Amino acid sequence: MRNRTKKEQALIDEVTGIVVLVAGLIGWYVTGSLGGAGIAVGIAIVIIIAISVFRSTRFSMRLKQSGIADIDEMTGRQFEEYLGTLFNSQGYNVSYTPATGDFGADLILKKGKETVVVQAKRYKKAVGIKAVQEVIPAKGMYNASAAWVVTNSNYTKQALTLAKRNGVRMIDREQLIRLSIEMKTASEKPKSRIPLK
């Protein structure tokens, strides 16, 4: 499963505890015995474990379907090319900036009057503030209407704060997985055929 924050894990632990307590109280109320309360608690624990296994299996299947493991092994340039394919599937015309002297943008996306500069970060750890600092001036340099940072990882709090203040869209691992699945699903759909006359 994805890494949870301490807050999310604390909430899950709290809810689990409440469910087990309520199950025990219901078992006690219905049967009037400790044995009944114990059976109710046991059933609640089995249900919680079953839900957890189901979610974990579904999450693993989703990761496999998205190809995120392959993305994690890409070089920086391969990741940029993958993103180009991904955004092209969403109707953007994609161009790549040179490897050096790119003014903070790796890709330039165009759709209609919209121009988006993209900073691509294929990382193993959380992406920091520098990625946002790089893409902000690229927006002006390329006369873009929007700036995005895309990663196969997650972002630090500072990076998210700076991005929010400057209107930079931050696409993280979860969003990349969703976009990748959407692209693969769309490419697997049979193309509608024009009837022959």
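Residues numbered from 1 in each chain as written. Predicted model: local features only at pLDDT ≥ 70, side-chain atom pairs only at ≥ 80, totals over all residues. Heavy atoms only, no water.

Engineer: Please clarify how the nonpolar core should be interpreted in this entry.
Structural biologist: Among the nonpolar cores identified, the biggest contains 23 residues, and Leu83, Trp148 and Leu176 are the most heavily contacted of them. Elements with a contribution of two residues or more to this core: α3 (68-72), α4 (76-88), β2 (107-111), β3 (114-121), β4 (146-151) and α7 (173-188). Once you skip the residues sitting within four places of it in the chain, Trp148 turns out to touch Phe87, Tyr92, Leu109, Val116, Val117, Val118, Gln119, Val135, Val168, Arg169 and Ile171. (Core = buried A, V, L, I, M, F, W, Y, C linked by side-chain atoms within 4.5 Å. Buried < 20%, exposed > 50% of the residue type's maximum accessible area, 1.4 Å probe, protein only. Helix = DSSP H or I, 4+ residues; strand = E, 2+ residues; numbered from the N terminus. Contact = heavy atoms within 4.5 Å.)

Engineer: Sorry if this is basic, but what is going on with the packing of aromatic side chains here?
Structural biologist: For any pair of aromatic rings, the description rests on two quantities: the centre-to-centre distance and the angle between the ring planes. Counted by the stated rule, this structure contains 4 aromatic pairs. Taken together, a centroid distance of 6.5 Å and an interplanar angle of 70 degrees make the contact between Phe103 and Tyr142 edge-to-face. Here the residue Phe103 occupies a position in the loop between β1 (93-96) and β2, and Tyr142 occupies one in the loop between α5 (129-141) and β4, the gap between them amounting to 39 residues. Three or more aromatic residues link up through ring pairs in this structure, and these residues are Phe87, Tyr92 and Trp148. Positioned over the ring face of Tyr92 is Lys111, at 4.3 Å from the centre of the ring. One cation-aromatic arrangement involves Arg169 over Trp148; the distance from NZ or CZ to the ring centre is 4.7 Å. (Phe/Tyr/Trp six-rings, centres within 6.5 Å; stacked < 30°, edge-to-face > 60°. Lys NZ or Arg CZ within 6 Å of the ring centre and 35° of its normal.)

Engineer: So what exactly am I meant to see when it comes to the layout of surface pockets here?
Structural biologist: It is the rolling of a water-molecule-sized probe over the atoms that shows where space remains empty. The calculated volume of the second largest pocket comes to roughly 320 Å³. Looking at the lining of the second largest pocket, the elements with two or more residues in it are α1 (6-31) and α2 (34-66). The element best represented in the lining of the second largest pocket is α1, accounting for 6 residues. Across the lining of the second largest pocket, the residue classes tally to 5 nonpolar, 3 polar and 3 charged. (1 Å grid on protein atoms, 1.4 Å probe; cavity = no way out; pocket = protein on both sides within 12 Å on 5 of 7 lines; lining within 4 Å. Points joined across faces, edges and corners; volume = space filled by probe spheres on them. Nonpolar A, V, L, I, M, F, W, Y, C, P; charged D, E, K, R; others polar.)

Engineer: Can you walk me through the environment of Lys110 in this structure?
Structural biologist: Among the secondary structure elements, Lys110 is positioned in strand β2. Note on Lys110: relative accessible area 44%, which makes it partly exposed. Between the alpha carbons of Lys110 and Ala144 there is a distance of 9.0 Å; along the sequence they are 34 residues apart. Contact partners of Lys110, with chain neighbours within four places excluded, come to Gly91, Tyr92, Asn93 and Thr115.

Engineer: Sorry if this is basic, but what is going on with the side chain of Thr97 here?
Structural biologist: Structurally, Thr97 is set in the loop between β1 and β2. On the accessibility criterion, Thr97 (4% relative accessible area) is buried. Polar contacts involving the side chain of Thr97 include one to the main-chain carbonyl oxygen of Ala105, which spans 2.5 Å. (Polar contact = N/O pair within 3.5 Å; in protein donor to acceptor, adjacent residues only side chain to side chain.)

Engineer: It is not clear to me how the sheet that holds β4 should be interpreted in this structure. Could you clarify?
Structural biologist: Strand pairing in a sheet relies on backbone hydrogen bonds, with the paired strands running either antiparallel or parallel. Taken together, 5 strands build an open sheet; the order of strands is β1-β2-β3-β4-β5 and the sheet is mixed. Looking along the sheet, the strands with just one partner apiece sit at the ends: β1 and β5 (168-171). Sheet twist, expressed as the average angle between the axes of neighbouring strands with direction ignored, equals 25 degrees. When β3 meets β4, the two strands line up parallel, connected through 6 bridges. In the strand pairing of β4, Gln119 is matched with Val149. On the sheet, α4 packs against β1, β2, β3, β4 and β5 and is oriented at approximately 165 degrees with respect to β1. Relative to the sheet, α5 contacts β3, β4 and β5, its axis offset from that of β3 by approximately 155 degrees. (Pairing = 2+ DSSP bridges. Axes fitted to C-alpha atoms, helices over the stretch in contact; angles between N-to-C directions.)

Engineer: Help me understand the pattern of salt bridges in this model?
Structural biologist: If the charged atoms of two oppositely charged side chains come close together, the side chains can form a pair. Within this structure, the stated rule accounts for 5 salt bridges. Among the salt bridges present, the one from Arg173 reaches Asp72, with a minimum N-O distance of 2.8 Å. Of this pair, Arg173 sits in helix α7 while Asp72 sits in helix α3, and the two are 101 residues apart along the sequence. By relative accessible area, which is 22% here, Arg173 ends up partly exposed. Judged by its relative accessible area of 19%, Asp72 falls in the buried class. Of the charged contacts in the structure, one is a salt bridge between Glu134 and Lys121, with a shortest N-O distance of 3.4 Å. Separated by 13 residues along the polypeptide, Glu134 in helix α5 and Lys121 in strand β3 bring together distant segments of the chain. (Salt bridge = Lys/Arg side-chain N within 4 Å of Asp/Glu carboxyl O.)

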